[in-house]
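A closer look at the structure
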Amino acid sequence: MQPVNLFHLASQQAEWLSARQAAVAGNIANANTGGYRAVDVEPFEKVLERTGVSLTATQAGHFGTRVTEASFGRRDDDRTTAVLPSGNTVVMEQELMKAGEVERAFEMNTAIVKAFHRMMLMSVK
């Protein structure tokens, strides 16, 4: 059976969500650190733009394609507008909202993979 691109995409999103969760956790952990700038990862849409479905060369005469690896670059959080007197830009409410977004996205990702897996098992039976 050929690998299914949906599983690769779901895996890539799970890795991105893990990176975003780590960024949010770091922001929350440094909420009282003077001069700390809140960070976030780039949107998943930008990761998808760099990643494309690629063809596989199965014979020597086929044209080769290059597979790109997605990396999740951290950047300053542009949604943060408040700067505390200590120079810290972490807004706890925004970080908790982002943590909730990550949790919901993880749950949706898992539900889609489970549904697709059940569908594949039913078609095999």
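Overview of the structure. (Residues numbered from 1 in each chain as written. Predicted model: local features only at pLDDT ≥ 70, side-chain atom pairs only at ≥ 80, totals over all residues. Heavy atoms only, no water.)

Looking now at the overall build of the protein chain. When you go through the protein chain residue by residue, the secondary structure sums to three helices and two strands. Helices and strands in the protein chain line up, N terminus first, as α-β-α-β-α. Classification of the 125 residues of the protein chain by burial places 26% in the buried group. For the protein chain, the proportion of contacts with a sequence separation of at least 24, taken over those separated by at least 6, is 72%. (Helix = DSSP H or I, 4+ residues; strand = E, 2+ residues; numbered from the N terminus. Buried < 20%, exposed > 50% of the residue type's maximum accessible area, 1.4 Å probe, protein only. Contact = heavy atoms within 4.5 Å.)

Enumeration over the complete set of coordinates arrives at four salt bridges. In this structure, R20 engages D40 in a salt bridge whose closest nitrogen and oxygen atoms are separated by 3.1 Å. Placement of the pair is R20 in helix α1 (residues 5–29) and D40 in strand β1 (residues 39–41), with a sequence separation of 20 residues. In this structure, R20 and D40 share a single accessibility class: buried. K98 is paired through a salt bridge with E95; the nearest N and O atoms lie 3.1 Å apart. Placement of both K98 and E95 in helix α3 (residues 92–124) is noted, with a separation of three residues, approximately one turn of the helix. What emerges from the salt-bridge pattern is a single network uniting R20, D40, E95, K98 and E101. (Salt bridge = Lys/Arg side-chain N within 4 Å of Asp/Glu carboxyl O.)

Relative to the helices and strands, S11 is located in helix α1. Measuring from C-alpha to C-alpha, the distance between S11 and T110 comes to 9.8 Å, with 99 residues separating the pair along the chain.

Our next topic: the nonpolar core. If you look at the biggest cluster of nonpolar residues, it comprises eight residues: W16, L17, A19, V41, F44, V47, V102 and A105. Top contributing element to this core by residue count: α1, with three residues. Core analysis: the second largest hydrophobic core is formed by six residues, A23, A38, V39 and V90 among them. (Core = buried A, V, L, I, M, F, W, Y, C linked by side-chain atoms within 4.5 Å.)

Turning our attention to α3. End to end, α3 covers 48 Å across 33 residues, agreeing with the expected 48 Å (1.5 Å per residue, within 8%). All of the buried residues along α3 are E95, K98, G100, V102, A105, N109 and M120. Buried residues along α3 sit against α1 and β1. (Expected span 1.5 Å × (residues − 1).)

The next thing to look at is α1. The first and last C-alpha atoms of α1 sit 36 Å apart over 25 residues, in line with the 36 Å expected at 1.5 Å per residue. Looking only at α1, the buried set comprises A10, Q12, W16, L17, A19, R20, A23, V24 and N27.

The next thing to look at is the packing of α1 against α3. Running from N to C, α1 and α3 cross one another at 160°; their axes reach a closest spacing of 10 Å. Relative to α3, the element α1 lies roughly antiparallel. Considering how the two elements wind past one another, α1 and α3 form a crossing that is left-handed. Residues of the contact of α1 with α3, tallied by class, amount to 17 nonpolar, six polar and four charged. (Axes fitted to C-alpha atoms, helices over the stretch in contact; angles between N-to-C directions. Parallel < 35°, antiparallel > 145°, perpendicular 65-115°, else oblique. Left-handed = near helix turned anticlockwise from the far one by under 90°. Nonpolar A, V, L, I, M, F, W, Y, C, P; charged D, E, K, R; others polar.)

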